[in-house]
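Descriptive structure summary
In case you want the letters, here they are:
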Amino acid sequence: MKILIQNGLVIDPENSICSRRSLYLEDGKVASMPEGEVNADMVIDAENKIVCPGFIDIHMHEDALNPDGSLYADDDKAILACMLRMGVTTAVGGNCGENVCNPADYMDIADREGTYTNIAMLAGHQYFRQKSGCTDDYGPATEDQIRKCADAMEDALKRGCAGISYGIRYVPGMDAQELIKTAEGAKKQGKMVAAHIRDDASAVFGAAREFLDAGLKLNVPLQVSHIGSMAGFGQMEEFLSLIYDYRKKDSRIFCDCYPYDAFSTGLGSATYDDGWMDRYNCSYDVVELADGKYKGQRCTKEIFDEVRRDDPQCRTICYVMEQEQVDLAYTHPAVMVGSDGVMNMGAGHPRAAGAFPRFINRYVNGGRLSMYDAVNRMTAMPAKQLGLKNKGNLTIGSDADVIIFDPETIKDLSTFENPITPPVGIDYVIVNGTPAVKDGRIINGKAGKSARVY
């Protein structure tokens, strides 16, 4: 298919472009930026609109597979559908050490079936740790289990996974040595290592040093996950200073953050282990249940204890972060956007459907960042960190992943009550040269495929 996009303001930070020009897409690739007319099957007038590479969500959590092993597909409720409608053309699953199946197999399924967005995957340490036979997240792994885990993750990297992820918070039994030994595959291939670090709030600094020091020994790109929910309680300024100090040792250290002041995790996770209320200086009612028997209700001690015992996978929304601390995160040039989106058949946090439009509306239209800077944090920065050379840019020959949006009207509409509500202000989302979204509505949910790194 040949598509000509005319009259738009083209922003491509990777190639230092910010000017009004045309963009020509052909056979799924960026073909040219022509000055005159060209033969096209489809012409889009982007007058007064922004034309830029499709957004890359470096931190999200993929949907579980259907019982028959196929990808979950629902134009309203599937997380990749939510991603697509908000302009994400490449989503990166397998974060926080979690996978729903072997991540390389997940990409194989995406290639066979087609999906809403391109999907890159990280090899999740917790998933492979459990597969190696270490089912106690609070206990240490044996040397044999560590070796099996490391070998399996290295194989996943060889099959195209973009890196390794750790949920150190969720596996209290692991130590820095286990991290280093299991990440040998990333070291060999020079791929990214990401982590949900061990602790947050007042304990965030020691947790960050643990991961960063281990990462420096590995000599690989490092990604500190969702820092708003790690240091968004009054520690952000000092935390960013710490990141600055470590980046002087290795400039490949980056962070991601989502633009909300509440986090989401399972009620049975280590986040809610004893002492959590003292850590956040709160009571049970800061926790809202996002699915299950008490969906939409705030916790009491009785509800908390019951659900944590009987339904530990129940998703929660925890309202304890400070918005001004989250805002401060984006003042640092090494912080990109990551939604941390997770959905359970439409139940979850609004970040999965609104993070990127919210980021533009709050920080660009709110006067905090330039549009060029914002686009860079959603496209070129994550592409470089992941090693996705044909994503996040409009270089001739790169994959034709493009978003066209109105900078004046783009806005997230998803809420904690209705977390899958699509945003407004997005005219087109094009995935691999195929129009996939028009005026906020999905018109092709099969244009995506795996985004592998070799």
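Use the structure listed above.
Here, residues in each chain are numbered from 1, in the same order as that chain's written sequence. For this predicted model, a pLDDT threshold of at least 70 governs which residues receive local features, and a threshold of 80 or more governs which side-chain atom pairs are given and counted, while totals over whole chains, interfaces and linings are taken from all residues. The basis for every side-chain value is the complete set of non-hydrogen atoms in the structure, without hydrogens or water.

**With respect to helix α2 (residues 103-113)**
Accessibility here uses a 1.4 Å probe with only protein chains present; expressed as a share of the type maximum, an area under 20% marks a residue as buried, one over 50% as exposed, and anything in between as partly exposed. Here a strand is any run of E in DSSP of at least two residues, a helix any run of H or I of at least four, and the numbering for each starts at the N terminus. Regarding α2, the residues found buried are Pro103, Ala104, Tyr106, Met107, Ile109 and Ala110. The elements touched by buried residues of α2 are β8 (118-124), α3 (125-131) and α4 (143-158). The opening residue of α2 is Asn102, an N-cap whose side-chain oxygen sits 2.9 Å from the backbone nitrogen of Ala104. Among the residues trailing α2, Gly114 stands out with phi positive, at a value near 75°. Any two residues whose heavy atoms approach within 4.5 Å at even a single point are treated as in contact. The definition of a polar contact used here is a pair of N or O atoms within 3.5 Å, where within protein one atom must be able to donate a hydrogen and the other to accept one, and adjacent residues in sequence count solely through side-chain atom pairs.

**Looking at the packing of helix α7 (residues 204-218) against helix α9 (residues 236-247)**
Running from N to C, α7 and α9 cross one another at 15°; their axes reach a closest spacing of 11 Å. Considering their axes alone, α7 and α9 lie roughly parallel with respect to each other. Crossing handedness for the pair α7 and α9: right-handed. Contacts between α7 and α9 involve Val204, Phe205, Ala208, Arg209, Leu212, Asp213 and Leu216 from the first element and Glu238, Phe239, Leu242, Ile243 and Tyr246 from the second. Amino acid classes used here: Ala, Val, Leu, Ile, Met, Phe, Trp, Tyr, Cys and Pro are nonpolar; Asp, Glu, Lys and Arg are charged; the rest, including Gly, are polar. Looking at the contact of α7 with α9, its residues break down into nine nonpolar, no polar and three charged. Between N-to-C directions, angles cover 0 to 180 degrees, with each direction set by a line fitted to C-alpha atoms, over the stretch in contact for helices. Each angle receives one of four descriptions, namely roughly parallel if under 35 degrees, roughly antiparallel if over 145, roughly perpendicular if within 65 to 115, and oblique otherwise. Handedness of a crossing follows from how the near helix is turned relative to the far one, being left-handed for an anticlockwise turn of less than a right angle and right-handed for a clockwise one.

**Thoughts on the sheet that holds strand β15 (residues 315-318)**
Strand pairing is assigned whenever DSSP identifies at least 2 bridges connecting the two strands. An order of β13-β15-β14 is seen for the three strands of this open sheet, with the pairing classed as antiparallel. Both edges of this open sheet fall to β13 (263-266) and β14 (287-289), since each of them pairs with a single strand only. For this sheet, the mean inter-axis angle between neighbouring strands, taken without regard to orientation, is 30°. Bridge count between β14 and β15: three bridges; the pairing is antiparallel. Pairing of Val287 across the sheet is with Cys318, part of β15.

**A short note on the pattern of salt bridges**
Every case where a carboxyl oxygen of Asp or Glu lies within 4 Å of a side-chain nitrogen of Lys or Arg is listed as a salt bridge. Evaluated as defined, the whole model comprises 34 salt bridges. Of the charged contacts in the structure, one is a salt bridge between Glu288 and Arg298, with a shortest N-O distance of 3.9 Å. With Glu288 in strand β14 and Arg298 in the loop between β14 and α11 (301-310), this pair connects stretches of sequence that are ten residues apart. For Arg298, a relative accessible area of 41% puts it in the partly exposed group.

**As for the nonpolar core**
For the purposes of this section, nonpolar cores are sets of buried Ala, Val, Leu, Ile, Met, Phe, Trp, Tyr and Cys residues that join through side-chain atoms within 4.5 Å. Within the largest apolar cluster, 117 residues are counted, with the highest numbers of intra-cluster contacts made by Tyr166, Phe211, Ile227, Phe239 and Phe405. No other element matches α7, which puts eight residues into this core. Those residues in contact with Phe239 that sit more than four places away from it in its chain are Val204, Phe205, Ala208, Val224, Ile227 and Ala231.

**Considering helix α14 (residues 371-378)**
Residues Met371, Ala374, Val375, Arg377 and Met378 constitute the buried set of α14. Along the long axis of α14, the arc covered by the buried residues comes to 160°, so they all point the same way. To obtain the arc, one takes the directions from the helix axis to the C-beta atoms.

**Here's the deal with the side chain of Thr271**
When you line up the elements, Thr271 lands in the loop between β13 and α10 (276-280). One polar contact links Thr271 to Arg169, side chain to side chain, over a distance of 3.2 Å.

**Some remarks on the sheet that holds strand β12 (residues 253-257)**
As summarised here, the arrangement of the eight strands in space is β6-β7-β8-β9-β10-β11-β12-β16, forming an open sheet in which the pairing is parallel. Each edge of the open sheet is held by one strand with a lone partner, namely β6 (55-57) and β16 (335-337). Each strand axis lies, on average, 30° off the axis of its neighbour in the sheet, ignoring direction. Of the strand pairs in this sheet, strand β10 (residues 192-196) and strand β11 (residues 222-224) are connected by three bridges, and their pairing is parallel. Bridge pairing links Ala194 to Gln223 in β11. Along the sheet, α9 contacts β11, β12 and β16; its crossing angle with β12, the most-contacted strand, is approximately 150°. The strands that helix α13 (residues 351-364) touches are β6, β7 (88-93) and β16; relative to β6, the one it contacts most, it runs at about 120°.

**So, the packing of aromatic side chains**
Only Phe, Tyr and Trp rings are paired, with Trp represented by its six-membered ring, and only when their centres lie within 6.5 Å; those with planes under 30 degrees apart are stacked, over 60 edge-to-face, the remainder tilted. All chains considered together, the criterion is met by 14 aromatic pairs. Ring geometry for Phe55 versus Phe405: centroids 6.3 Å apart, planes at 55°, classification tilted. You can see Phe55 sitting in strand β6 and its partner Phe405 sitting in strand β19 (residues 402-405), a full 350 residues away along the chain. On the basis of relative accessible area, Phe55 is assigned to the buried category, the value being 0%. For the ring pair Trp276 and Tyr284, a centre distance of 6.1 Å and an interplane angle of 70° mean the geometry is edge-to-face. Judged on exposure class, the residue Trp276 and its partner Tyr284 are both buried. Among the aromatic residues, those joined into a cluster by ring pairs are Tyr272, Trp276, Tyr284 and Phe304. It is Arg279 that lies over the ring of Tyr280; its NZ or CZ is 4.6 Å from the centre. Throughout this description, the term charge over a ring refers to an Arg CZ or Lys NZ atom that lies within 6 Å of the ring centre and within 35 degrees of the ring normal. The ring centre of Tyr258 lies 4.6 Å from the NZ or CZ of Arg351, which sits over that ring.

**Description of the state of the cysteines**
In this description, the term disulfide denotes a pair of cysteine sulfurs within 2.5 Å. One pass over the structure, following the stated rule, counts zero disulfides. Not part of a disulfide, Cys18 finds its nearest cysteine sulfur in Cys52, a span of 11 Å. Between Cys96, a free cysteine, and Cys257, which holds the nearest cysteine sulfur, the sulfur-to-sulfur gap is 13 Å.

**So, the pairing of strand β9 (residues 163-167)**
Most of β9 sits inside the fold, with five of its five residues counted as buried. The alternating pattern of β9 places Gly163, Ser165 and Gly167 and Ile164 and Tyr166 on opposite faces, both of which are buried. In terms of strand pairing, β8 meets β9 through three bridges, oriented parallel. Of the residues in β9, the one forming a bridge with Leu122 is Gly163. Relative to β10, β9 runs parallel, the two sharing five bridges. Looking at β10, one finds that Ile164 is bridged to Val193.

**Considerations on the pairing of strand β1 (residues 2-12)**
Side chains on a regular strand alternate between the two faces of the sheet. Of all eleven residues making up β1, eight are buried, and the element is well covered by its neighbours. Across nine bridges, β1 lies against strand β2 (residues 17-26) in antiparallel orientation. Paired with Leu9 across the bridge in β2 is Arg20. In terms of strand pairing, β1 meets strand β4 (residues 42-45) through four bridges, oriented parallel. Bridge pairing in β4 places Leu4 opposite Val43. One ladder, built from two bridges, connects β1 with strand β5 (residues 50-53); its direction is parallel. Bridged to Val10 within β5 is Val51.

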